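Tertiary structure, described
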Amino acid sequence: MEYTVIYGFLTALGIGTLIGIERERSFKDGADVAGVRTFILFSLFGAVTALISSNYMPYFLLLGFAGMVFLVGLGYAANVFLSRDRGLTTEISIVLVFLFGFLSFFDASRSIAVMSGITVAVVLAIKENLHEFAREVEKSELFDTLKFLVIAFIILPLLPNETVDPLNILNPHQIWLMVVLISGIGYFGYIMVKVLGAEKGIGVTGFLGGLTSSTAVTTAMASKVKTDKAIIKPAVFATVLASSMMFPRVLVEVFAVNPTLLPSLILPMGVMLVTGLAASFLILHSKTDFQAKVKLESPLALRPALKFGAFFVFILIVSSLSQNYWGNAGTYLTSAIAGLADVDAITLSMATMAKGDLPGEVAVKAIVLATIVNTFMKVVYARIIGTKEFALWVGATLGVTIIAGLATLIII
């Protein structure tokens, strides 16, 4: 019991110190409602309140919270009177720190307090980035986000979670869940591009662009090279890096849908990822000042989401029919054809079908085959949109990745 109490108070102390340091560093001319010491005291006050209310006075939480709000209110009033600053960020942070300190006292809620405290500190620290991001959000993107939230959190729960077709393969709830998953992964990369800016360097361009659309990065680099041949090596680096991000993305998708396939997929995806990264870094011998704007479509737009949903249903039906009529060979053929256009749909289709009659080994090989075909398509895009030299560099670099992927197909 004593150890638990001490650990709870130490946790509260850590949370208060972390947020307090961030707040004090952000003060202008050192003037604000509270500094790091005040945050530590309020956090410990929350822990003391938890101790007293749980062991001695059950209603002490109400008294402690009311006293804390009263003190914060006085500080806010004084701050407004003296500095005319009407912001509430610090005051709300104090209230949260008190609550985190309270939660830190209990074993069941301590981890929640720690995670929430770190999240608050991060949000406070990236204030400028958040404001810049908010200013860059376009009206259409905001409406796309709202539409997607309605579809994901209002319509999705209403869809029937059972098959509705004679083939017993189409589950409306599962189908739209895949759409939500893909859009969510794409949105993460899209947000990172918005916050950090894909134009800040080739590494950022390749990595963040690859999380959203490696094809978009490839076409952008190919177009850039066609107008400026001097930046061919950085462009190849960005292209290969973006293409390599497809492999961990596949692992995330499979983990979300059918984690049982993950152990078999880690080797081929890991080998192709490492090979692609190694090849891309070897080709970039010099630090070149290179910038290229990558135009990414919002992954939360309704039309792309519906297109992906339709493509996913199509692949699901074709894969099932191919497996029924032509066995494993039909599944591999479908996977290769689907990989020409998209990896996500075939990945999710195979992971879903592997929950039923499709053997897991077949599903894994089909996913690997699709990634290999899609990687090869990057070389095709590089030649069609870019220059012959750019295509040769991309082909040589990604060719190593393709060979590594084909080798793992034999092993698995």
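As the structure is a computational prediction, the values presented were derived from the model and not from experiment.

Here is what the cut-offs are and how they apply
- Residues numbered from 1 in each chain as written.
- Predicted model: local features only at pLDDT ≥ 70, side-chain atom pairs only at ≥ 80, totals over all residues.
- Heavy atoms only, no water.
- Helix = DSSP H or I, 4+ residues; strand = E, 2+ residues; numbered from the N terminus.
- Buried < 20%, exposed > 50% of the residue type's maximum accessible area, 1.4 Å probe, protein only.
- Contact = heavy atoms within 4.5 Å.
- Areas by Shrake-Rupley, 256 points an atom, 1.4 Å probe, with all protein chains shown as cover.
- Patch = residues over 30% accessible without salt bridge, like charges linked within 9 Å, V, L, I, M, F, W, Y side chains within 5 Å.
- Salt bridge = Lys/Arg side-chain N within 4 Å of Asp/Glu carboxyl O.
- Core = buried A, V, L, I, M, F, W, Y, C linked by side-chain atoms within 4.5 Å.
- pLDDT = per-residue confidence, 0-100.
- Phe/Tyr/Trp six-rings, centres within 6.5 Å; stacked < 30°, edge-to-face > 60°.
- Polar contact = N/O pair within 3.5 Å; in protein donor to acceptor, adjacent residues only side chain to side chain.
- Axes fitted to C-alpha atoms, helices over the stretch in contact; angles between N-to-C directions.
- Parallel < 35°, antiparallel > 145°, perpendicular 65-115°, else oblique.
- Left-handed = near helix turned anticlockwise from the far one by under 90°.
- Nonpolar A, V, L, I, M, F, W, Y, C, P; charged D, E, K, R; others polar.
- Expected span 1.5 Å × (residues − 1).
- Arc of directions from axis to C-beta.

**Description of the overall build of the protein**
When its secondary structure is counted, the protein shows 17 helices and zero strands. Sorting the 412 residues of the protein into buried and exposed places 47% on the buried side. When contacts within the protein are restricted to residue pairs at least 6 apart in sequence, those whose partners lie at least 24 apart make up 76%. Entry remark: accessible area of the protein is about 20,900 Å², with carbon and sulfur atoms responsible for 69%.

**Considering a nonpolar patch on the surface**
On the surface, Leu142, Phe143, Leu146, Leu149, Val150, Phe153, Ile154, Ile155 and Leu158 cluster together to form a nonpolar patch covering roughly 890 Å² of accessible area. Here Phe143 shows up in helix α7 (residues 139–155). For Phe143, a relative accessible area of 45% puts it in the partly exposed group.

**Let's talk about the nonpolar core**
If you look at the biggest cluster of nonpolar residues, it comprises 46 residues, and the most contacted ones within it are Met350 and Val368. Put simply, the parts of the chain that give this core at least two residues each are α7, α8 (172–196), α12 (246–257), α13 (262–283), α14 (302–339), α15 (344–353), α16 (360–385) and α17 (388–411). Broken down by element, this core gets its largest block of residues, eight residues, from α16. Ignoring any residue separated from it by four or fewer positions in sequence, one finds Val368 in contact with Leu265, Pro268, Met269, Met272, Gly405, Thr408, Leu409 and Ile412.

**As for the confidence of the model for the protein**
Per-residue confidence for the protein gives a mean pLDDT of 84; residues scoring 70 or more make up 86%. Per-residue pLDDT, averaged within each element of the protein, yields its smallest value for helix α9 (residues 202–212) (69) and its largest for α16 (94).

**Structural notes on the packing of aromatic side chains**
Under the definition given, this model contains seven aromatic pairs. Between the aromatic rings of Phe105 and Phe106, the centroid separation amounts to 5.2 Å while the plane-to-plane angle is 90°, which identifies the pairing as edge-to-face. A network of ring pairs unites the aromatic residues Phe9, Phe102, Phe105 and Phe106 as a single cluster.

**Overview of the pattern of salt bridges**
All chains considered together, the criterion is met by five salt bridges. Note that Arg23 is salt-bridged to Glu22, the shortest N-O span being 3.0 Å. Its relative accessible area of 6% is what places Arg23 among the buried residues. Here Asp107 makes a salt bridge to Arg110, at a shortest N to O gap of 2.8 Å. Here Asp107 pairs with Arg110, and both are found in helix α5 (residues 107–125), just three residues apart, close to one helical turn.

**With respect to the environment of Gly16**
Mapped onto the elements of the fold, Gly16 is located in helix α1 (residues 2–26). Sequence-wise, Gly16 and Val36 are 20 residues apart; in three dimensions their C-alpha atoms are separated by 7.5 Å. With near-sequence residues (within four places) excluded, Gly16 lies in contact with Phe39, Ile40, Ser43 and Val97.

**Brief notes about the side chain of Thr347**
The topology assignment puts Thr347 in helix α15. At a separation of 2.8 Å, a polar atom in the side chain of Thr347 contacts the main-chain carbonyl oxygen of Val343. Ignoring sequence-local partners within four residues, the contact set of Thr347 consists of Val250, Glu253, Val254 and Ile367.

**Overview of the packing of α13 against α16**
Viewed as axis vectors pointing N to C, α13 and α16 meet at an angle of 15°, and their least axial separation amounts to 10 Å. When the axis of α13 is compared with that of α16, the two are roughly parallel. The chirality of how α13 crosses α16 is right-handed. Across the interface between the two elements, Ser264, Leu265, Pro268, Met269 and Met272 of α13 pack against Val364, Ile367, Val368, Thr371 and Ile372 of α16. Grouping the constituent residues of the contact of α13 with α16 by class yields eight nonpolar, two polar and no charged.

**Quick look at α5**
Under the 1.5 Å per step criterion, the end-to-end length of α5 is 28 Å for 19 residues, consistent within 8% with the ideal 27 Å. Among all positions in α5, only Ser109, Arg110, Ala113, Gly117, Val120, Ala121 and Leu124 are buried. Axial view of α5: buried residues confined to an arc of 115°, hence all on one face. Residues Ala108 and Met115 are exposed on α5 and point more than 90 degrees away from its buried face.

**Structural notes on the environment of Thr375**
For Thr375, the position within the fold is in helix α16. Separated by 131 residues in the primary sequence, Thr375 and Ser244 have C-alpha atoms spaced 8.7 Å apart.

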